[in-house]
Amino acid sequence: DLMGADKLLRKLRKRYPNNSKIRWLMAKSIFFRTEVMDKDAKKVKGKLLAEGVQWAKECVDMAPKDINCLLHYGTLVGRSSTNEGIFNTLSKGAVVEGAWLGAVSTGEHYRFPSANTSLGATYYGLGIYYRLVPDSWWLDLFFGIRGDIERAIKYLERALGTKADQ
């Protein structure tokens, strides 16, 4: 129950104001809530995603080397920008890439109850990112982003290596 989780996490935030895990759990919960929303609910989804970005940003500010803070910050920034359109997506691409590369550099390997890992999710995100972003010098020049099929393959292979049943 995602709404129940949100309610509990809001209470816990008040009780434990310096706990970064509460922030990334809330960001994650908001992300999953928006993923099941109707695609025509862009305005409501946008508002929720902006809130999720804020929760994740607070997490990064509190714990800048926490893989989950960085993973969820990149994920929420990316998802909120895709909700707003292509130009917003392009302008936020470097933020997403930077957050995920920062997550990978932590060396942490948090395993969720589903057996997925933060590291695997970050590798997967980077693999998709480098595949979807065109390999274009002008995108690099204007937006600071550039796709790379070799990097995409490398990160997707690493993602597969983080979970034994894949």
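Relevant structure appears above.
About the cut-offs
- Residues numbered from 1 in each chain as written.
- Predicted model: local features only at pLDDT ≥ 70, side-chain atom pairs only at ≥ 80, totals over all residues.
- Heavy atoms only, no water.
- Disulfide = S-S within 2.5 Å.
- Helix = DSSP H or I, 4+ residues; strand = E, 2+ residues; numbered from the N terminus.
- Patch = residues over 30% accessible without salt bridge, like charges linked within 9 Å, V, L, I, M, F, W, Y side chains within 5 Å.
- Areas by Shrake-Rupley, 256 points an atom, 1.4 Å probe, with all protein chains shown as cover.
- Salt bridge = Lys/Arg side-chain N within 4 Å of Asp/Glu carboxyl O.
- Buried < 20%, exposed > 50% of the residue type's maximum accessible area, 1.4 Å probe, protein only.
- Expected span 1.5 Å × (residues − 1).
- Polar contact = N/O pair within 3.5 Å; in protein donor to acceptor, adjacent residues only side chain to side chain.
- Contact = heavy atoms within 4.5 Å.
- Phe/Tyr/Trp six-rings, centres within 6.5 Å; stacked < 30°, edge-to-face > 60°.

Evaluated as defined, the whole model comprises one disulfide. Each sulfur of the disulfide joining cysteine 59 and cysteine 69 lies 1.8 Å from the other. On the sign convention where negative means left-handed, the S-S torsion of about -55° between cysteine 59 and cysteine 69 marks this disulfide as left-handed. Placement of the pair is cysteine 59 in helix α3 (residues 42-62) and cysteine 69 in helix α4 (residues 67-84), with a sequence separation of 10 residues.

Residues Trp137, Trp138, Leu141 and Phe142 make up a contiguous nonpolar surface patch of roughly 550 Å² in combined accessible area. Here phenylalanine 142 is to be found in helix α7 (residues 137-143). When its relative accessible area of 59% is taken as the criterion, phenylalanine 142 is described as exposed.

Another aspect to go through is the pattern of salt bridges. Taken as a whole and judged by the stated rule, the model has seven salt bridges. In this structure, aspartate 61 engages lysine 57 in a salt bridge whose closest nitrogen and oxygen atoms are separated by 2.7 Å. Placement of the pair is aspartate 61 and lysine 57 together in helix α3, with a separation of four residues, close to one helical turn. Classification of lysine 57 as partly exposed rests on a relative accessible area of 32%. Arginine 146 is the partner of aspartate 135 in a salt bridge, and the nearest nitrogen-oxygen pair spans 2.5 Å. With aspartate 135 in the loop between α6 (118-132) and α7 and arginine 146 in the loop between α7 and α8 (149-160), the pair connects residues that are 11 residues apart, well separated along the chain. Judged by its relative accessible area of 55%, aspartate 135 falls in the exposed class. Each member of the salt-bridge network shares a partner with another, and the members are Arg13, Arg23 and Glu58.

This next bit is on α4. Over its 18 residues, α4 extends 26 Å from the first C-alpha to the last, a length consistent with the 26 Å expected when each residue adds 1.5 Å. A large share of α4 lies buried, amounting to 15 of its 18 residues. Residue aspartate 66 occupies the N-cap position of α4, its side-chain oxygen lying 2.7 Å from the main-chain nitrogen of asparagine 68.

Among the structural elements, alanine 103 can be located in helix α5 (residues 86-105). Sequence-wise, alanine 103 and isoleucine 67 are 36 residues apart; in three dimensions their C-alpha atoms are separated by 4.5 Å. For alanine 103, the residues in contact, after removing those within four places along its chain, are Ile67, Leu70, Leu71 and Thr122.

Throughout the structure, instances matching the rule amount to seven aromatic pairs. Plain terms: the ring middles of tryptophan 24 and tyrosine 110 are 5.4 Å apart, the flat faces sit at 80° to each other, and that makes the pair edge-to-face. In this pair, tryptophan 24 is assigned in helix α2 (residues 20-35) and tyrosine 110 in the loop between α5 and α6, connecting sequence segments 86 residues apart. Judged by centre distance (5.1 Å) and plane angle (70°), the ring pair of tyrosine 110 and phenylalanine 112 falls under edge-to-face.

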